[in-house]
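For reference, the chains in residue letters:
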Amino acid sequence: MKKLHILIYLGILSFIWACSTEKNTMLSRAYHGTTAHYNGYFNANDLLEEAMKTYRENQKEDYYNVLPILQLPSEEEVKNMYSPIDTAIAKCTKVIQRHAMPSMEKPASKKEEHNRWIDENWITIGIANFYRRDYDLAFKNFEYTKKFFSSDKSAYVAEMWMARTYMEQGKFTEANFAITNLEKAQESMENGDSKDPKGKSSKSSKAKKKSKNKKEKEIPPFPKKLRYDLAITKAMFAEKRKDSEGEIKALTKALEYAKKSKDKARINFILGQLYENAGDRGKAAYHYNRVKKYNAGYEMSFNANLKNALNAGGEKVRKSLKKMLRDTKNAEFKDQIYYTLGKMDQQEANEENAKANYTKSAFYSTTNVRQKGMAFERLGDMSFAKKDYLRAQKYYDSCAKVIPETYPNYEAIQNKASKLQSLVKAIETAQYEDSVQQIAKLSPSDQLAFAEGVIKKMKKDEEERKRQDAIRLAALQEIQLKKPSNGNGSKFYWNNDKAKTEGFEEFKKQWGQRSNEDDWRRSDRVVFASFTDPSDSSETVDNTTPSTETALDSLTPEMLVAKLPLSDSALLASRNRMMNAYFDAGGIYNEQLNESALAEQQYRTMLGQDFNHDMKLLAAYQIYRLHSPEDQAAVEQKDYILINYPTSDYAGYLRDPDYFLKKKEREKLTQEAYLTDLDRYERGLYYPVIMKANGVINDEKDNPYRSKYILLKAMAQAKMNEDKRVVLPTLDTLIALYPKTPEAAKAEEMRKIILNGYSKNEPVDFVDKSIYKYVENEPMFVLIFLTDKINNIVAKTRVVDFNKEYYGKLRLNVTSKVLKEQNVILLKQFKDEIEAASYVSMYKRTRNHLLDMQKMKILFISEKNLLTLFETSKLEEYQLFFDEKY
């Protein structure tokens with residue numbers, strides 16, 4: 001019994017002795033090594049691997065872009081992983097504090113480590129901090145491991161993670177240096193420089209002794225199991241530098257060393273994507289096909305099949321894709337399958353089948369907005385290539401409505417949809433006005449019959465739309481039923497926030513933004529598609545719902561017929577809208593799309609109308625400009641203008657290219673002559689003034705100062721005669737010839753004074769300095785004065801784009817006007833001068849969209865003053881008034 005007590009006592013002493021971290025004994029190393037291995041390294045790595053596995057399983061891969069080599073959490077995503085990561089760090093830290101041999105109480109005095117698992121714990125802490133995105137702390141751990149354990153293979157692991165940390169910090173020079181060091185060590189190992197054939201050091205025993213005596217640390221060989229990780233690190237470096245060739249080379253090497261099936265599948269898929277982007281369809285197909293041989297997961301295998309189909313091609317592949325369509329588990333991926341079939345059709349130049357498959361892809365994209373956008377973009381590009389710009393705009397507009405801002409071609413799609421919007425509006429307006437004018441020519445009974453046919457077609461289209469909605473809803477329900485439940489949250493839907501959030505997002509993808517109201521799904525509130533004027537909406541390039549809506553069930557033929565232009569005034573307004581729309585469409589075709597043939601088609605349609613209209617002159621001149629002067633088409637239009645509009649400025653220009661220069665000079669001389677006669681009036685030379693005024697009135701009917709000369713004559717007559725009634729015929733002539741002008745207003749005032757018997761001769765200031773009136777807080781318009789360097793259609797488009805980005809809520813109407821032969825852009829309207837001044841200020845300091853238009857003259861003006869300006873053309877006087885008042 002005494003011996004047993006002695007043995008127990010000795011055992012306890014031995015255990016206590018073994019627990020000491022200061023004694024380098026076999027028992028101490030075994031105890032502390034085992035504890036450091038399992039309590040720290042093993043458990044911590046198990047936590048990290050489980051956390052990363054959970055993250056990657058819940059991560060939605062973006063198969064539209066090249067997959068990342070390693071899936072690493074973002075700054076936001078890693079917050080959900082803090083708990084396991086911090087626990088792993090705590091475990092390893094505790095192990096190092098308690099089981100380092102010797103202890104870490106005095107790190108500066110520590111020269112060596114006898115616990116073989118301490119370095120692995122240091123590396124694990126570094127990896128955990130790397131995943132946590134605390135790169136500075138991670139780097140310190142790796143750097144310490146590399147320096148302190150330089151004679152251990154863990155130094156290579158530490159340097160490899162240092163390279164990855166450098167990359168995440170954007171320090172590519174340092175990362176490249178670390179990778180180069182590791183490559184040299186690997187090359188040395190593979191060449192057998194560090195080991196003899198038996199696996200021992202190649203140094204002689206004598207050299208060993210010498211090294212041992214000098215306490216030099218022997219450099220360990222590069223570990224073979226690290227070759228895969230190094231190749232992946234090299235691939236990550238190339239990935240960060242967007243070096244596709246380097247990435248392919250590194251991943252090909254990594255594929256040789258890969259052991260896990262999932263790793264091989266991912267590498268093959270990425271290689272397929274890289275070769276596909278490089279245009280090597282053969283190698284791309286090879287690697288996509290290899291993915292199926294490994295444990296890739298269903299979604300990756302599915303995408304590999306689609307990618308392989310595109311790159312391999314052939315009828316066999318097509319049949320395989322159609323078979324996949326019939327498989328119920330692919331219900332969620334029908335849109336991608338149809339899109340792939342469409343691309344295959346396009347590669348084979350089968351445009352009709354491609355269009356049909358892209359349309360089906362868009363139809364079945366119930367949840368994948370990216371895929372829906374891609375299908376619409378393809379359809380838009382196909383229509384654009386065929387110069388079917390109206391259909392192309394519809395597709396681009398549909399694409400722009402669904403794609404997120406992260407879409408690769410987002411800005412280009414938005415720009416195409418916006419730029420073509422004006423063309424679509426112009427063409428649809430012209431076609432609409434032309435159609436209603438033709439219907440208006442029918443008898444009343446035929447008009448009603450036509451309206452009944454329109455209503456029947458609208459109802460049929462509505463039924464088809466409802467049927468398509470039902471199919472789409474069924475497809476969405478099928479997808480939801482096949483989605484596996486991950487067991488997160490409450491089973492009761494309304495208590496499960498995650499389920500409610502996902503459901504709301506899917507609802508918006510399917511139905512768009514709907515108001516919370518009864519019958520939200522009803523869409524029988526339809527637009528009068530055949531009788532509603534497309535030009536009713538303001539010109540803001542917004543896709544707003546027209547205000548002319550009614551319930552389809554209550555729509556009657558009489559309601560549609562009432563919208564026809566049956567009166568003379570309505571017919572004239574309709575013709576004006578039609579001619580302006582055709583002209584605008586021609587300008588857009590020519591100026592923005594460089595489609596002169598399509599532009600000429602619009603202008604010739606204007607000339608072909610069976611009624612006279614001033615816009616025909618502009619159309620003929622535009623056709624003339626589209627051709628060389630010697631071309632037959634140009635000669636025909638020149639003759640047309642000279643015969644039908646001989647007194648127009650365009651006719652004058654065609655006769656003499658210097659016509660406008662000479663006209664400007666004539667206007668200058670005319671102005672000087674008028675000022676001379678005005679000076680004569682001021683000096684009392686009334687008879688010469690009357691003689692000159694008679695000459696202008698009788699012989700110069702195109703003189704821009706003719707109305708002023710008539711008033712000047714009346715004023716001179718009043719000065720020369722006591723009986724002011726002699727002035728009345730002259731005043732009546734002025735009022736009849738130039739109504740609604742400042743001169744006519746002055747004549748009316750004089751006439752009332754004469755007829756009321758007030759005959760006192762008082763000097764009258766003929767040139768009224770106060771024709772513009774200031775009223776506080778009046779609604780304002782903005783005028784932008786264009787130079788000859790820019791076409792008014794291009795300018796109008798730029799202003800519309802500017803308004804859409806900065807003043808979309810104001811819904812400003814943008815139109816083109818001509819003031820004194822100068823093109824101006826008119827914007828209406830602003831609620832007061834403060835709002836208008838704010839717009840002018842933003843316009844002057846914003847170059848986006850406006851470009852060189854930013855420097856053009858811009859003013860704001862009230863409605864009454866605008867009318868005065870266009871009637872008098874006194875821009876200089878308004879500029880003075882503007883500077884004084886505003």
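These numbers come from a predicted model, not from an experiment.

**Student:** Give a description of the overall build of the protein chain that names residues and reports values.
**Tutor:** Helix and strand counts for the protein chain stand at 36 helices and 6 strands. Residue burial in the protein chain is summarised as follows: out of 886 residues, 42% are buried. Residue pairs in contact within the protein chain that sit at least 24 positions apart in sequence constitute 64% of those at least 6 positions apart. With an accessible surface of roughly 49900 Å², the protein chain has 51% of that area assigned to carbon and sulfur atoms.

**Student:** How would you sum up the pattern of salt bridges? Please name residues and give values.
**Tutor:** Note on pairing: side chains with opposite charge can pair once their charged atoms come close. Counted under the stated rule, the structure contains 29 salt bridges. Notably, a salt bridge pairs aspartate 677 with lysine 692, separated by 3.3 Å at the nearest N-O pair. One end of the pair, aspartate 677, is in helix 28 (residues 659–682); the other, lysine 692, is in helix 29 (residues 686–699), and 15 residues separate them in sequence. Here the salt bridges do not stand alone but share partners, grouping Arg318, Asp345 and Glu348 into one network.

**Student:** Break down the packing of helix 12 (residues 281–291) against helix 13 (residues 298–312) for me, with residues and values.
**Tutor:** Two elements in contact, helix 12 and helix 13, have axes whose closest approach is 8 Å; the angle formed by their N-to-C orientations is 155°. Taken together, the axes of helix 12 and helix 13 lie roughly antiparallel to each other. At the point where helix 12 passes helix 13, the crossing takes the left-handed sense. Contact residues: helix 12 offers Arg281, Ala284, Ala285, Tyr288, Asn289 and Val291, while helix 13 offers Met300, Ala304, Lys307, Asn308, Leu310, Asn311 and Ala312.

**Student:** Describe the side chain of threonine 429, with residues and values.
**Tutor:** Note on placement: threonine 429 falls in helix 19 (residues 410–440). What makes threonine 429 buried here is its relative accessible area of 4%. Engagement of the side chain of threonine 429 in a polar contact is seen with the backbone oxygen of lysine 425, the distance being 2.7 Å.

**Student:** Can you explain the sheet that holds strand 4 (residues 813–819)? Please cite residues and give values.
**Tutor:** The strand order across the open sheet formed by 4 strands is 4-5-3-6, and the pairing between neighbours is antiparallel. The open sheet is flanked by strand 4 and strand 6 (858–862), the only strands paired with a single partner. Taking the axes of each pair of neighbouring strands and ignoring which way they run, one obtains an average angle of 30° across the sheet. Contacting strand 3 (780–785), strand 5 (822–830) and strand 6, helix 34 (residues 833–845) runs over the sheet at an angle of about 170° to strand 6. Along the sheet, helix 36 (residues 875–885) contacts strand 3 and strand 6; its crossing angle with strand 6, the most-contacted strand, is approximately 85°.

**Student:** Got a sec to walk through the confidence of the model for the protein chain? Specific residues and values, please.
**Tutor:** Residues shown with low pLDDT carry predicted positions that ought not to be read at fine detail. Summing up the model confidence of the protein chain, the mean pLDDT is 80 and the portion of residues at 70 or higher is 83%. Contacts from residues 484–496, a stretch scored under 50 in pLDDT, to residues over four places away or in other chains number 10 contacts. Low pLDDT, under 50, characterises residues 532–550; the predicted model gives this stretch 52 contacts beyond four residues in sequence or across chains.

**Student:** Explain unusual backbone geometry to me, using residue names and the numbers behind them.
**Tutor:** For the peptide bond that leads from lysine 828 to glutamine 829, omega is -10°, which places it in the cis range. You can see glutamine 829 is positioned in strand 5. Located in the positive-phi region is arginine 811, a residue other than glycine, with phi close to 50°. Along the chain, arginine 811 turns up in the loop between helix 33 (792–806) and strand 4. A positive phi angle, close to 55°, is found at leucine 851, a residue other than glycine. Considering the arrangement of structural elements, one finds leucine 851 in the loop between helix 34 and strand 6.

**Student:** Any details on the environment of serine 244? Residues and values, ideally.
**Tutor:** For serine 244, the position within the fold is in helix 10 (residues 244–257). Taking the C-alpha atoms as reference points, serine 244 and leucine 274, 30 residues apart in sequence, are found 6.7 Å from one another.

**Student:** For the environment of histidine 849, give the residues involved together with the corresponding values.
**Tutor:** Looking at the secondary structure, you find histidine 849 in the loop between helix 34 and strand 6. Distance from histidine 849 to asparagine 803, taken between C-alpha atoms, is 9.5 Å for residues 46 residues apart in sequence. For histidine 849, the contacting residues outside a window of four places in its chain are Arg798, Asp801, Phe802 and Glu805. For histidine 849, the side chain forms a polar contact with the side chain of glutamate 805, separated by 2.6 Å.

**Student:** Describe a nonpolar patch on the surface, and please don't skip the residues or the numbers.
**Tutor:** A contiguous nonpolar surface patch, about 330 Å² in accessible area, is contributed by Tyr687, Met691 and Met720. As for its placement among the helices and strands, methionine 691 is situated in helix 29.

**Student:** Explain the packing of helix 5 (residues 135–148) against helix 6 (residues 154–168) residue by residue, including any values.
**Tutor:** Angle between the axes and distance between the axes are the two parameters that describe a pair of packed helices. Taken N-terminus to C-terminus, the directions of helix 5 and helix 6 make an angle of 155°; their axes are 8 Å apart at the nearest point. As summarised for this structure, helix 5 and helix 6 are arranged roughly antiparallel, according to the angle between their axes. For helix 5 against helix 6, the interelement crossing comes out left-handed. Along its contact with helix 5, which presents Tyr135, Phe139, Phe142, Glu143, Thr145 and Lys146, the element helix 6 presents Ser154, Ala155, Ala158, Glu159, Trp161, Met162, Thr165, Tyr166 and Glu168.

**Student:** Please give an account of helix 23 (residues 568–591) that cites residues and values.
**Tutor:** The end-to-end C-alpha separation of helix 23 is 34 Å, in line with the 34 Å expected for 24 residues at 1.5 Å each. Within helix 23, burial applies to Ser574, Met578, Met579, Ala581, Tyr582, Phe583, Ala585, Gly586, Gly587, Ile588 and Tyr589. Contact partners of the buried residues in helix 23: helix 18 (389–402), helix 19, helix 24 (596–607), helix 25 (615–626) and helix 33.

**Student:** Quick rundown of the environment of leucine 325? Include the residues and the values.
**Tutor:** Residue position: leucine 325 is located in helix 14 (residues 315–326). Of the residues examined, leucine 325 reaches a relative accessible area of 13% and is grouped as buried. With 10 residues separating them in the primary sequence, leucine 325 and aspartate 335 have C-alpha atoms 9.6 Å apart. Discounting chain neighbours no more than four positions away, the residues touching leucine 325 are Lys334, Ile337, Tyr338 and Leu341.

**Student:** An account of the packing of aromatic side chains is requested, with residue identities and associated values reported.
**Tutor:** Across all of its chains, the model carries 44 aromatic pairs by this definition. On the numbers, 6.0 Å between centres and 20° between planes, the contact of phenylalanine 142 with tryptophan 161 is stacked. Highlighted residues: phenylalanine 142 in helix 5 and tryptophan 161 in helix 6, separated in sequence by 19 residues. For the residue pair phenylalanine 142 and tryptophan 161, the accessibility class agrees, reading buried in each case. One aromatic cluster is present, built from ring pairs that chain together Phe802, Tyr806, Tyr807, Phe830, Tyr839 and Tyr843. Sitting over the face of the ring of phenylalanine 611, lysine 616 holds its NZ or CZ atom 5.9 Å from the ring centroid. The ring of phenylalanine 785 has lysine 857 lying over it, and the distance from NZ or CZ to the ring centre is 5.6 Å.

Each value, and the rule that gives it
Residues numbered from 1 in each chain as written. Predicted model: local features only at pLDDT ≥ 70, side-chain atom pairs only at ≥ 80, totals over all residues. Heavy atoms only, no water. Helix = DSSP H or I, 4+ residues; strand = E, 2+ residues; numbered from the N terminus. Buried < 20%, exposed > 50% of the residue type's maximum accessible area, 1.4 Å probe, protein only. Contact = heavy atoms within 4.5 Å. Areas by Shrake-Rupley, 256 points an atom, 1.4 Å probe, with all protein chains shown as cover. Salt bridge = Lys/Arg side-chain N within 4 Å of Asp/Glu carboxyl O. Axes fitted to C-alpha atoms, helices over the stretch in contact; angles between N-to-C directions. Parallel < 35°, antiparallel > 145°, perpendicular 65-115°, else oblique. Left-handed = near helix turned anticlockwise from the far one by under 90°. Polar contact = N/O pair within 3.5 Å; in protein donor to acceptor, adjacent residues only side chain to side chain. Pairing = 2+ DSSP bridges. pLDDT = per-residue confidence, 0-100. Patch = residues over 30% accessible without salt bridge, like charges linked within 9 Å, V, L, I, M, F, W, Y side chains within 5 Å. Expected span 1.5 Å × (residues − 1). Phe/Tyr/Trp six-rings, centres within 6.5 Å; stacked < 30°, edge-to-face > 60°. Lys NZ or Arg CZ within 6 Å of the ring centre and 35° of its normal.

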